[in-house]
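These are the residues of each chain, in order.
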Amino acid sequence: MNHIQLKNISKIYNANSTQAQSAMALLAEGMDSVAVKEQTGYSVGLYDINLNIKAGELHCIMGLSGSGKSTLIRHLNRLIDPTSGEIWVNTTVNTKTHAKDNTQANTAPVDESSSNAINILELNDKQLQHYRQQTVSMVFQHFGLVPHMTVIQNVAYGLRVRKMSVSERHEIARYWLNEVGLTNLEHSYPDELSGGMQQRVGLARALATDNPILLMDEAFSALDPLIRAQLQDQLLELQERLNKTIVFITHDIDEAIKVGQRISILNGGRLVQTGTPSDLRHNPADDYVEQFMRAKA
Ligand SMILES: Nc1ncnc2c1ncn2[C@@H]1O[C@H](COP(=O)(O)OP(=O)(O)OP(=O)(O)O)[C@@H](O)[C@H]1O
Ligand SMILES: [Mg+2]
């Protein structure tokens, strides 16, 4: 069952619609994004992306710097709006857990007949706010913690908008801090923690909202290799139990192979291939994919 569907998503930066159409016409003829930029002056973020992300999968988006990874993920919580295309999200996918009992919700089969996808580009401001509070959470590359708040306040932050008492919020925050392997640090401030610990707080904060979609843009890229490997293991272990839909951006093919059930490869704003690590290895769509996979036999 698809959780997120991108249909013909294109993003041309800093261009009005006529200008964007002229850039897209060149892209449709097969011109690459560098040449389009040279000829028109407009940056191509994405061109004609069609991508289905399944409910409960950990989907990696991989590609070199400037290939459009951040542009893509930012569409999913509408930090960026596309030049054209549609983004459908199934809001009936229920991966919600409860802080005290996380065994039930995730093992229940998703009822396909109740599937009800919305085009998130059509949401009004209030609906968008609700969507961001209830459906998508984000983990940032540079952690994005609030420096003057303690660890537990940071984790509970996303719950403040819900009508919950402080003690209830903190109980949930404490549960998730424990889940990511951070106990007894709830009264520390972010700058008292190592990078790896800060990102565990970032992860706990995103999980505490219990939203079904988790967006991670280079979330582990700023960490040392050993700590990074530990966080990858932790994410995989959590995913086993929580069954979230995770969109995980990385420019590191080793990381993509380790954590991704499927990997989508971007090049110059185009989606080159989506597949399991084995698909990409055995049937690379082009030289770009082949080069990434060559050393990974
Ligand atoms: N705000 C912006 N204005 C103009 N062009 C932009 C903007 N943001 C991104 N771009 C361009 O869009 C293209 C894709 O950028 P994006 O940041 O999505 O790539 P990325 O794959 O995330 O790269 P990195 O690995 O460096 O983070 C690049 O050519 C970039 O210069
Ligand atoms: Mg990026």
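Residues numbered from 1 in each chain as written. Chains lettered and ligands numbered in written order. Predicted model: local features only at pLDDT ≥ 70, side-chain atom pairs only at ≥ 80, totals over all residues. Heavy atoms only, no water.

So, the site of ligand 1
Not every one of the 13 residues close to ligand 1 is listed here, only the nearest: Ser65, Gly66, Lys69, Ser70 and Thr71. In the model, an oxygen atom of ligand 1 is placed 2.8 Å from a nitrogen or oxygen of the Gly66 main chain. Here an oxygen atom of ligand 1 and a backbone polar atom of Ser67 are 3.2 Å apart. Its free accessible area being 640 Å², ligand 1 has 62% of it covered by the protein chains. For the shell around ligand 1, the secondary structure elements donating two or more residues are strand S2 (43-54) and helix H3 (69-76). Across the shell around ligand 1, the residue classes tally to 3 nonpolar, 9 polar and 1 charged. (Near = heavy atom within 4 Å. Polar contact = N/O pair within 3.5 Å; in protein donor to acceptor, adjacent residues only side chain to side chain. Areas by Shrake-Rupley, 256 points an atom, 1.4 Å probe, with all protein chains shown as cover. Helix = DSSP H or I, 4+ residues; strand = E, 2+ residues; numbered from the N terminus. Nonpolar A, V, L, I, M, F, W, Y, C, P; charged D, E, K, R; others polar.)

Considerations on the side chain of Lys11
On the secondary structure map, Lys11 appears in strand S1 (residues 2-13). As a buried residue without a salt bridge, Lys11 has its nearest oppositely charged side chain in Asp81, at a separation of 7.5 Å. Among the polar contacts made by the side chain of Lys11, one reaches the main-chain carbonyl oxygen of Asp81 at a distance of 2.9 Å. When neighbours within four sequence positions are excluded, Lys11 is seen to be in contact with Ser43, Val44, Gly45, Leu46, Thr71, His75, Ile80, Asp81, Pro82 and Thr83. (Buried < 20%, exposed > 50% of the residue type's maximum accessible area, 1.4 Å probe, protein only. Lys, Arg positive; Asp, Glu negative; His and termini not counted. Salt bridge = Lys/Arg side-chain N within 4 Å of Asp/Glu carboxyl O. Contact = heavy atoms within 4.5 Å.)

Considering the pairing of strand S8 (residues 245-250)
Counting buried residues in S8 gives 6 out of 6 residues, a clear majority hidden from the surface. By the alternation rule, side chains of S8 split into Thr245, Val247 and Ile249 and Ile246, Phe248 and Thr250, which are all buried. Of the strand pairs in this sheet, strand S3 (residues 58-62) and S8 are connected by 5 bridges, and their pairing is parallel. Counterpart to Cys60 in the pairing with S8 is Phe248. By the bridge criterion, 5 bridges tie strand S7 (residues 213-217) to S8 in an arrangement that is parallel. Of the residues in S8, the one forming a bridge with Asp217 is Ile249. (Pairing = 2+ DSSP bridges.)

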